[in-house]
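# Structural features, examined
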Amino acid sequence: MPLVFVRLVSHVGERCGAAVADRWPVRATMAREVCSMGEYVEAGGTRIWTESRGHGPDVLLVAGLGDPVEAWEAQFDGLSDQYRVIAFDNRGAGRTALPDGPLSVASMADDAADVLRALGIDRAHVAGFSGGSAIAQELALRHPASVRSLVLTSTWARSDAYLAAMGRSWHWLVTAAPDERAALEAFFLWIYTQRAHVDGTVQRFIDETLASPHPQSAEAFQRQLDSFIRHDTLDRLPAITAPTLVLAGEQDIITPPRLGRVVADLIPGARFEVIEGEAHQPFQESPEDFNARVRAFWREVEGQTPPV
């Protein structure tokens with residue numbers, strides 16, 4: 001039986017999720033499922049699971065390797081007071097099935113564009129993380145009219161030898177590890193800061209991951225991973241016209257700041273910021289700081305471009 005492998009970081013929200021948790025003795029993941037405002041939409045012949053919360057300018061969050069919509073819970077909670085926050089499960093993650101046939105970053109970018117169209121959204125602020133930042137780059141290149149602005153977190157333009165070797169090691173990790181917990185413990189050494197391991201945050205994330213009702217198969221993880229490692233926009237990034245903010249964690253060993261700097265330098269007018277003390281997933285470890293940065297950027301963009 002293949003090893004299931006999914007990074008699920010789901011927390012009970014201060015609003016709906018907390019209310020459910022107060023009434024029933026359910027886990028945080030289950031409480032959020034009761035409250036989710038989700039639906040399936042058609043994209044390229046695949047049913048894509050989407051969730052949205054809030055009202056205001058549209059924001060599309062694009063997740064990374066293995067991440068379901070629950071990974072963005074802190075952004076749903078922290079940004080939906082002024083924005084309509086939308087997230088979706090990429091092919092092979094969460095509630096979205098892995099269809100037969102080739103899987104590429106470009107096809108997942110087309111999925112993102114289809115999600116916006118299915119929801120009646122002409123243009124959105126797009127924020128992508130890690131593999132989702134690769135998808136967001138392709139979305140801005142392939143569907144520029146759909147992108148009001150870009151936030152690219154933990155990003156890169158082309159895999160170097162180090163990133164490619166790391167990807168190959170992850171590819172066999174998900175089937176060679178003795179069990180799921182061991183695989184997650186090894187994988188999360190790359191993802192989170194030392195403090196998150198010391199203070200118990202990572203163990204909490206692992207417990208929630210293992211309780212997920214929507215695990216990702218090893219095959220889906222590997223096929224997503226392979227598509228992300230093949231990602232290459234190095235020669236095309238200057239064609240991006242959307243206002244862009246590139247964020248990098250100072251301690252990120254997967255996509256270190258030097259890779260994000262390359263992306264920012266190639267996109268005309270892009271801003272580059274290093275988040276001190278953070279690793280690969282600052283939007284989860286320091287959501288208040290992350291949310292404040294993207295909110296300030298979107299306000300700046302909205303002051304420069306008329307709403308649609």
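For the structure, check the block above.
This report concerns the structure included in the present document. Everything numeric here is computed off the predicted structure, so don't read it as measured data.

## Here we look at the overall build of the protein
Counting its secondary structure elements, the protein contains 13 helices and eight strands. For the protein, buried positions account for 56% of its 308 residues. At a minimum sequence separation of 6, the contacts of the protein that also span at least 24 residues come to 78%. As displayed, the protein has an accessible area near 12300 Å², and 53% of this comes from carbon and sulfur atoms.

## As for the packing of helix α6 (residues 161-176) against helix α10 (residues 218-229)
Remark: α6 packs on α10, axes separated minimally by 9 Å, with the N-to-C direction vectors making an angle of 175 degrees. By the criterion of interaxial angle, the relationship of α6 to α10 is roughly antiparallel. When α6 is examined against α10, the residues Leu 163, Ala 164, Gly 167, Trp 170, His 171, Val 174 and Thr 175 are found in contact with a partner set consisting of Ala 218, Phe 221, Gln 222, Leu 225, Asp 226 and Ile 229.

## Some points on empty space enclosed by the protein
Counted according to the given criterion, the structure contains two cavities of 30 Å³ or more. Leu 65, Ser 130, Trp 156, Trp 170 and Ile 254 are the residues nearest the centre of the largest cavity, which is lined by 19 residues in total. Those elements giving two or more residues to the lining of the largest cavity turn out to be α6, α7 (180-191) and α10. The dominant element in the lining of the largest cavity, judged by the number of residues it contributes, is α6, at four residues.

## What to know about the side chain of Thr 155
Within the secondary structure, Thr 155 sits in the loop between β6 (147-153) and α6. The class of Thr 155 is buried, set by a relative accessible area of 2%. Separated by 2.8 Å, the side chains of Thr 155 and Ser 133 make a polar contact. Apart from the residues lying within four places of it in its own chain, the contact partners of Thr 155 are Ser 133, Gln 137, Val 246, Thr 255, Leu 259, Gly 260 and Val 263.

## Observations regarding the packing of helix α4 (residues 105-118) against helix α5 (residues 131-142)
For the pair α4 and α5, interaxial distance at closest approach is 8 Å and the crossing angle is 70 degrees. By the angle between their directions, the pair α4 and α5 is classed as roughly perpendicular. With respect to the hand of their crossing, α4 and α5 are arranged in right-handed fashion. Judged by residue contacts, Val 105, Ala 106, Met 108, Ala 109, Asp 110, Ala 112 and Ala 113 of α4 engage Ala 134, Ile 135, Glu 138, Leu 139 and Arg 142 from α5.

Reading the values: rules and limits
- Residues numbered from 1 in each chain as written.
- Predicted model: local features only at pLDDT ≥ 70, side-chain atom pairs only at ≥ 80, totals over all residues.
- Heavy atoms only, no water.
- Helix = DSSP H or I, 4+ residues; strand = E, 2+ residues; numbered from the N terminus.
- Buried < 20%, exposed > 50% of the residue type's maximum accessible area, 1.4 Å probe, protein only.
- Contact = heavy atoms within 4.5 Å.
- Areas by Shrake-Rupley, 256 points an atom, 1.4 Å probe, with all protein chains shown as cover.
- Axes fitted to C-alpha atoms, helices over the stretch in contact; angles between N-to-C directions.
- Parallel < 35°, antiparallel > 145°, perpendicular 65-115°, else oblique.
- 1 Å grid on protein atoms, 1.4 Å probe; cavity = no way out; pocket = protein on both sides within 12 Å on 5 of 7 lines; lining within 4 Å.
- Points joined across faces, edges and corners; volume = space filled by probe spheres on them.
- Polar contact = N/O pair within 3.5 Å; in protein donor to acceptor, adjacent residues only side chain to side chain.
- Left-handed = near helix turned anticlockwise from the far one by under 90°.

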